[in-house]
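Coordinate inspection notes
Spelled out from the first residue to the last, the chains are:
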Amino acid sequence: MQPISVDRIMEKTIIAGPCSVESREQLREVTAALSRMPQVTMIRAGVWKPRTRPGAFEGLGEPALRWIQELAKEFGVRYCCEVARPEHVALCQHYGIDTVWLGARTTGNPFMVEELCQALRGSKMAVLAKNPTSPDVRLWLGAIERLRAAGIDDITAVHRGFAMYHNQGYRNAPLWEVALELRREMPEIPILCDPSHIGGRAELVAPLAQAAMQLDYDGLMVEVHPHPEAALTDTKQQIDPAALAALLSVIRDSATSQPAGSDQHLAPLREEIDTVDHEMLTLLARRMELSRQIAAVKHEQGMAVYQSKRWEAVMNDRLRLAHEMGLDENFTKELLEKIHAESVRVQLETH
Ligand code: PEP
Ligand code: MN
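Residues numbered from 1 in each chain as written. Chains lettered and ligands numbered in written order. Predicted model: local features only at pLDDT ≥ 70, side-chain atom pairs only at ≥ 80, totals over all residues. Heavy atoms only, no water.

Some remarks on the overall build of the protein
If you tally the helices and strands in the protein, you get 14 helices and eight strands. Dimensions of the protein, computed from the C-alpha atoms along their principal axes, are close to 80 × 50 × 40 Å. Expressed as a percentage of the 351 residues in the protein, the buried residues total 43%. Here the protein displays about 18,800 Å² of accessible surface, and carbon together with sulfur accounts for 54% of that area. Positive and negative charge centroids in the protein, built from 39 and 48 side chains respectively, lie 4 Å apart. (Helix = DSSP H or I, 4+ residues; strand = E, 2+ residues; numbered from the N terminus. Buried < 20%, exposed > 50% of the residue type's maximum accessible area, 1.4 Å probe, protein only. Areas by Shrake-Rupley, 256 points an atom, 1.4 Å probe, with all protein chains shown as cover. Lys, Arg positive; Asp, Glu negative; His and termini not counted. Charge placed at Lys NZ, Arg CZ, Asp CG, Glu CD.)

Next comes the structure, spelled out in structure tokens:
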């Protein structure tokens, strides 16, 4: 794996900037630093902040938009802002902002998305749609479909993770598979990763950004504050401009680069993977056939299909084995649960 070159990063969309605009000085300082980084495509700047609980800093509103307009001219940079209400869209247009994003709490609410779409209709604005807080790809797809129906054609998705009861150590569990499903459904929509809101901690930003590059994301949206420790919102997850520069210089992009001869090296391994998959499916089919035979015996003996003690013993035995084999416990458990559910379904169908 080669570190990604500056040229390759330039093909990616890198949006960076503070969670919230806090003062003219703060915005000027971070803009000055980011404007010196050629990889940065656009500066994010939250002006209205959707706080989960009331009483915290909720953004400066219109005065912040005035500074944005002024600094955009001074530094020759572009800014984007979060919009959550139709009047936010009008104000952004008034202050010359041509790119806005829908936050996670907005994308999850079709009423709000629809209202925003009416406000955006007929404009030439570019829109970024963050994923909804719940891992429901249909809400995300739905927001994009509504934007399209309103005539917006520059649409980008932003993966910022999902609020789960167990967040796997992240602020918002990444659940990469949900974003990959969005990509399968709408391959033409670019997807950026927001490692700041996924990780929730500054030290997780770089590894998550790197993971996103490995998954061939089209770019990043990163929270960058000139003095993260003094930030009024999302203090723990913001990084300073120097940390962003370091991140951009080390993120690797092996997924899109295809060094000459790579297919040749991969071919024998891929053949082996094909064989293993065929064997796995043959074994699964055999396992389901055994389930059918078991169903017949249980029926004859008047036994219930689901035997909790037996299932518990099977699970414990397989988990112990999986552990010895170096397989991930959660993965093994989920896989076995799926197989068992199918086995129960097959047995119920048999009788
Ligand atoms: C943000 O970008 O600062 C923000 C509030 O994000 P999200 O909508 O992803 O929570
Ligand atoms: Mn934030």
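Points about the sheet that holds strand 1 (residues 13–17)
The strand order around the closed barrel formed by eight strands is 1-2-3-4-5-6-7-8, and the pairing between neighbours is parallel. Going across the sheet, the axis of each strand differs from the next one's by a mean of 30 degrees, ignoring polarity. (Pairing = 2+ DSSP bridges. Axes fitted to C-alpha atoms, helices over the stretch in contact; angles between N-to-C directions.)

Structural notes on the site of ligand 1
Neighbouring ligand 1 are the residues C19, R44, K49, E82, W101, G103, A104, R105, K130, R160, H197 and E223. One of the side-chain N or O atoms of R105 is found 3.1 Å from an oxygen atom in ligand 1. One of the side-chain nitrogen or oxygen atoms of K130 is found 2.8 Å away from an oxygen atom of ligand 1. Surface burial for ligand 1 is 96%, taken as the share of its 300 Å² of free accessible area covered by protein chains. Across the shell around ligand 1, the residue classes tally to three nonpolar, two polar and seven charged. (Near = heavy atom within 4 Å. Polar contact = N/O pair within 3.5 Å; in protein donor to acceptor, adjacent residues only side chain to side chain. Nonpolar A, V, L, I, M, F, W, Y, C, P; charged D, E, K, R; others polar.)

Re the domain arrangement of the protein
When the domains of the protein are assigned, the result is domain 1 (9–255) and domain 2 (262–350). Computed from C-alpha coordinates alone, the two centres of domain 1 and domain 2 are separated by 41 Å. (Domains from an automatic or database assignment.)

Brief notes about helix 12 (residues 262–301)
The first and last C-alpha atoms of helix 12 sit 58 Å apart over 40 residues, in line with the 58 Å expected at 1.5 Å per residue. The principal kink in helix 12, of about 30 degrees, is found at P268. Those residues of helix 12 that sit buried are S262, M288, S291, A295 and K298. Summarising the contacts, the buried residues of helix 12 are in contact with helix 14 (329–350). Looking one or two places after helix 12, you find G302, whose phi comes out positive at around 70 degrees. (Expected span 1.5 Å × (residues − 1). Bend = angle between axes of the 7 residues up to and from the residue. Contact = heavy atoms within 4.5 Å.)

Quick notes on the pairing of strand 1
Burial analysis of strand 1 places four of its five residues in the buried class, which makes it a mostly covered element. The pairing of strand 1 with strand 8 (residues 219–223) spans five bridges and is parallel. Bridge pairing links A16 to V222 in strand 8. In this structure, strand 1 lies alongside strand 2 (residues 42–44), joined through two bridges in parallel fashion. Bridge pairing in strand 2 links I15 to M42. Handedness of the β-α-β unit built from strand 1, helix 2 (residues 24–35) and strand 2 comes out right-handed. (Right-handed = clockwise from strand over helix to strand, strands pointing away.)

What to know about the packing of helix 13 (residues 308–324) against helix 14
With their axes 10 Å apart at the nearest point, helix 13 and helix 14 run at an angle of 145 degrees to one another. Helix 14 is crossed by helix 13, and the crossing has right-handed handedness. Between helix 13 and helix 14, the contacting residues are W311, M315, R318, L319 and A322 on the first element and E329, T332, K333, L336, E337 and H340 on the second. Among the residues forming the contact of helix 13 with helix 14, the class breakdown is five nonpolar, two polar and four charged. (Left-handed = near helix turned anticlockwise from the far one by under 90°.)

As for the coordination of the manganese ion (ligand 2)
At 2.1 to 2.4 Å from the manganese ion (ligand 2) lie its protein donor atoms, namely C19 (SG), H197 (NE2), E223 (OE) and D234 (OD). Summarised as a motif, the one-chain spacing of the donors to the manganese ion (ligand 2) is C-x177-H-x25-E-x10-D. Here H197, found in helix 9 (residues 195–199), pairs with E223, found in strand 8; they are 26 residues apart in sequence, far enough to count as distant. Neither residue differs from the other here; H197 and E223 are each classed as buried. (Donors = N, O, S within 2.8 Å, 3.2 Å for Na, K, Ca; no water.)

Observations regarding the nonpolar core
I68, L220 and L244 are the most contacted members of the largest nonpolar core, which totals 71 residues. For I68, the contacting residues outside a window of four places in its chain are V21, L27, A45, V47, Y79, C81 and I97. Counting eight residues, the second-largest nonpolar core is a separate cluster that includes I15, M42, C80 and M221. (Core = buried A, V, L, I, M, F, W, Y, C linked by side-chain atoms within 4.5 Å.)

Topic: the environment of L71
Topologically, L71 is positioned in helix 3 (residues 62–75). Accessibility expressed as a relative area gives 0% for L71, which makes it buried. With 122 residues separating them in the primary sequence, L71 and C193 have C-alpha atoms 26 Å apart. Not counting the four nearest positions on each side in its chain, L71 is found in contact with R24, L27, R28, T31, G76, V77 and Y79.

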